[in-house]
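For reference, the chains in residue letters:
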Amino acid sequence: MASGGGIQIPSRLPLLLAHEGVLLPGSTIRFSVDSPRNMQLVSQRLLKGTSLKSTIIGVIPNTRDPEQDTEDLPTLHTIGTAGIAVQVVGSNWPKPHYTLLITGLCRFRVSGLLKERPFVLAEVEQLDNLEQYTTSSTEGTTADDGELGELSQKFHQAAVQLLGMLDMSVPAVAKFRRLLDSLPREMLPDVVASMIRTSNKEKLQVLDAVSLEERFRRTLPMLTRQIEGLKLLKKSRKMTPGSEKRVCYGPGPLDRDEDSDDDGDDTASLEKKVHGANMPEAALKVSLKELKRLKKMPQSMPEYALTRNYLDLMVELPWSRSTKDCLDIRAARVLLDNDHYAMEKLKRRVLEYLAVRQLKTSLKGPILCFVGPPGVGKTSVGRSIAKTLGREFHRIALGGVCDQSDIRGHSCTARGAAQITFGNVFINFNFKNPNCLYVPHFTDHYLNVAFDLSQVLFIATANTTATIPPALLDRMEVLQVPGYTQEEKVEIAHRHLIPNQLEQHGLTPQQLHIPQDSTQDIICRYTREAGVRSLERKIGAICRAVAVKVAEGHRLPETDASTLETSLDVLMFPDKAAPPEMPIVIDQMALKDILGPPLFELEVSERLTLPGVALGLAWTPLGGEIMFVEASRMEGEGQLTLTGQLGDVMKESAHLAISWLRANAKTYQLTNMVGAPDPLEGTDIHLHFPAGAVTKDGPSAGVTIVTCLASLFSGRLVRSDIAMTGEITLRGLVLPVGGIKDKVLAAHRAGVKRVILPKRNEKDLEELPANVRAQLDFVTAGNLDEVLNASFDGGFPGAQARPHASSKL
Ligand code: ADP
């Protein structure tokens, strides 16, 4: 950023409407963002993007009331600053918002608006050509600099003078000095204007000064004013150098605005809230101390945002508020059943838990932890529990919580905290999610003051227990929530998802009808998931599309819109407008039109048309997945190459598989490319595990690798309707593996007909829904011989039983 040379901003920029503060090139500002458009910009652009370019956004000062953002887009200021979002901190407490740290790069002019929602996207023209800036501020000016040169020299001198009056031990002053030495002079007006005391109005004037001369002309008086003010203060108060800094920099950030001090107001109102929050004395003391620190901190310090969040949290905590539990087990059962289809085991356990709590009012039970793939209703059950108890429901995402005391807090009552109940706190172990919001750890060590959480009912959710620290896991009762079968999903869709989505989109069943066949189609051709989240989204997309049709239909019926009379009639009596034929029925054609071509057309059988491909089953925290294993061979020196997203254990399985096949090559008549008895002789093998979303590791791919290689070495095709899982040993035994239920459900989803499992996993089949069990053919194998026999049409007999196989290639 120092030289800024060569920065070229994209010609289309998403715009952040900045309600507070004016970002100038070269400065870094913290923005708190909570209006709908800005939130969308952060979640859909900043948190989703992966390139540096996607972190560049346009910041447009917006002096209008932020509330207006929900309505039509206000008239925008035409000049803004493109900036890089260097930090995004999200929090959902007390309400969802993000705090962005943005460093300004250069000015731009909005030349046209491309879209207004979900966030504003504009065509922009870059105004500052940074590469032209060459004069380092320490160099002198050249003869042909003219007026600009003169202005810039004056400005530089004034800045040096100001610097001389400040306390160099203050970090911000030291930074000021560094910038003054290193930046091209052309950048100084922006940088200095953002560091000295200027009002937002003045900063806006600097932003609007597109020509450099104008910029120097506007900022020079601000700089001089600061110098004069300092001189005056020095004289009148005879200040010591040490306390000077307080005049210039404290309390609050360097760019503190003297005239219309929004931030001052902000901290003042925060202070009021701190006093009014009814905190116990100890908490009040800590809060006031933090508030004092906050006032002294420059806004651009990352710590500022953290301290601010901390204080907001302290103020919001219900120090003396509580809800009363109203627990009626029968009502709870009805509510849970009404809201959720299936999930019998989970619902039963939750009711037991609630019943025990009703009988025994102490809350010292275990923390419940629902573990399962996304979209299987974990959060939703949590919400229902809160509803049954008549409690408030809060959701906090936690990463890095290590101990149960981190959740419950330490023995707070011992330290004399007030007894407080503040409802259910719902905790989501969102470890895996890279976009995971950083939310303040709701812990004693975060609060640093006693806050009694003993009356809070904690429920945790996680995709896998693997990421939960053992100390914490130990204190929790884990309830597995497995994925759903196709049939269960259809039921959930028709009982819950479709009615909910219809309601959310203002539609009625008389307007939109999704037949079961189409739901089936959405489930198997447009989604591939253990839960129902994508399914819900797809139904939402259908509702949106239909809502548009319905709305259009009401305004202008196509049939007789041509006659003026009818049009008037329609305008005057909208109810009389004939809607398009109702209900709109979503058939295959409509699905294709709304959702696009099916995403999962590739049938398993199509993939298995070459020797050297086998279908495995993997378990991931997101549920079971089918996993193709592909192998090819070429002339070489017996090398094995492995590619795809796989871990060490899987590599070991590959070596084991090859060793076993080589050892048994004669029995099974496996050969190399030219028919020699060692499959690896003069041959390189390449094994590929096509990348899925999640890195797969674990021993359960062993049987699949063996089958895939046996197919490659024999030239025979693996049956197209079979999938398998199982660990192998060097001696060819098949050992049991985990996640059978999820894996079998994934195979079922993918249309597989036959599943090979380790013999010792037979008992796990009992957990499967009856219809899945009925529709699949299970082969339980104790050794690899059985696996191979089941994997190939007509079996995979040993040498004696097979006709002589010559070279296949
Ligand atoms: P999770 O927390 O497991 O990731 P959610 O609770 O957010 O999933 O569920 C996603 C959506 O699916 C919600 O709208 C939820 O109501 C719905 N849903 C999931 N399972 C069921 C079920 N068994 N019955 C009814 N709705 C369900």
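Above: the structure in question.
Keep in mind that this is a model prediction, so the values were computed, not measured. (Residues numbered from 1 in each chain as written. Predicted model: local features only at pLDDT ≥ 70, side-chain atom pairs only at ≥ 80, totals over all residues. Heavy atoms only, no water.)

Draft legend 1. Region of the structure containing the overall build of the chain. When its secondary structure is counted, the chain shows 28 helices and 22 strands. Here the contacts in the chain between residues at least 6 apart in sequence split such that 76% fall between residues at least 24 apart. With the model as given, the accessible surface of the chain reaches about 37700 Å², and the carbon-plus-sulfur share is 52%. (Helix = DSSP H or I, 4+ residues; strand = E, 2+ residues; numbered from the N terminus. Contact = heavy atoms within 4.5 Å. Areas by Shrake-Rupley, 256 points an atom, 1.4 Å probe, with all protein chains shown as cover.)

Draft legend 2. Spotlight on the side chain of K347. By the secondary structure assignment, K347 is in helix α12 (residues 344-359). Here A342 takes part through its backbone oxygen, which lies 2.9 Å from a polar atom of the side chain of K347. Those residues in contact with K347 that lie beyond four places of it in its chain are L336, D337, H340, Y341 and A342. (Polar contact = N/O pair within 3.5 Å; in protein donor to acceptor, adjacent residues only side chain to side chain.)

Draft legend 3. How the structure looks around the site of the ligand. The immediate surroundings of the ligand are formed by 19 residues, with Y341, G375, K378, T379 and R533 found nearest. In the model, an oxygen atom of the ligand is placed 2.8 Å from a nitrogen or oxygen of the K378 side chain. Within the complex, the protein chains bury 88% of what would otherwise be the 560 Å² of accessible surface of the ligand. Sorting the residues of the shell around the ligand by element identifies α13 (378-389), α17 (486-504) and α19 (533-555) as the ones contributing at least two each. Each residue belonging to the shell around the ligand can be placed in one class, and the counts come to nine nonpolar, six polar and four charged. If you count residues domain by domain, the shell around the ligand takes at least three from each of domain 4 (329-398 + 419-480) and domain 5 (484-550 + 581-601). (Near = heavy atom within 4 Å. Nonpolar A, V, L, I, M, F, W, Y, C, P; charged D, E, K, R; others polar. Domains from an automatic or database assignment.)

Draft legend 4. Seen up close, the pattern of salt bridges. On inspection of all chains with the given rule, the structure shows 22 salt bridges. In this structure, the salt-bridge partner of K651 is D648, at a minimum N-O distance of 3.9 Å. One end of the pair is K651 and the other is D648, both in helix α23 (residues 648-663) and three residues apart, which spans about a single turn. Accessibility expressed as a relative area gives 54% for D648, which makes it exposed. Connected through shared salt-bridge partners, R107, D128, D190 and R215 make up one network. (Salt bridge = Lys/Arg side-chain N within 4 Å of Asp/Glu carboxyl O. Buried < 20%, exposed > 50% of the residue type's maximum accessible area, 1.4 Å probe, protein only.)

Draft legend 5. Examining the nonpolar core more closely. Counting 45 residues, the largest nonpolar core has F370, L512, I542 and I586 as its most contacted members. Tallying contributions element by element places α19 first for this core, with seven residues. Composition of this core by domain shows at least three residues from each of domain 4 (329-398 + 419-480) and domain 5 (484-550 + 581-601). If sequence neighbours within four positions are ignored, I586 has contacts with L512, H513, I514, P515, S518, I542, V546, L591 and I594. Among the nonpolar cores identified, the runner-up in size contains 42 residues, and A665, L680, L712 and M724 belong to it. (Core = buried A, V, L, I, M, F, W, Y, C linked by side-chain atoms within 4.5 Å.)

Draft legend 6. Quick look at unusual backbone geometry. Here the amide bond leading from R117 into P118 is cis, since omega sits at 0 degrees, within 30 degrees of zero. Examined against the element boundaries, P118 turns out to sit in the loop between β5 (97-115) and β6 (120-126). At M343, a residue that is not glycine, the phi angle is positive and equals roughly 55 degrees. By the element assignment, M343 lies in the loop between α11 (329-339) and α12.

Draft legend 7. Examining helix α28 (residues 784-791) more closely. Looking at α28, one finds that the buried residues are L784, V787, L788, A790 and S791. For α28, the angular spread of the buried residues around the axis is 165 degrees, confining them to a single face. The residue sitting at the N-terminus of α28 and contributing the capping side-chain oxygen is N783; that oxygen lies 3.1 Å from the backbone nitrogen of D785. (Arc of directions from axis to C-beta.)

Draft legend 8. Structural view of the pairing of strand β3 (residues 56-61). Along β3, six of the six residues are buried, which leaves the element largely enclosed by surrounding structure. By the alternation rule, side chains of β3 split into I56, G58 and I60 and I57, V59 and P61, which are all buried. Across four bridges, strand β1 (residues 12-18) lies against β3 in parallel orientation. The residue of β3 that forms the bridge with L17 is I60. (Pairing = 2+ DSSP bridges.)

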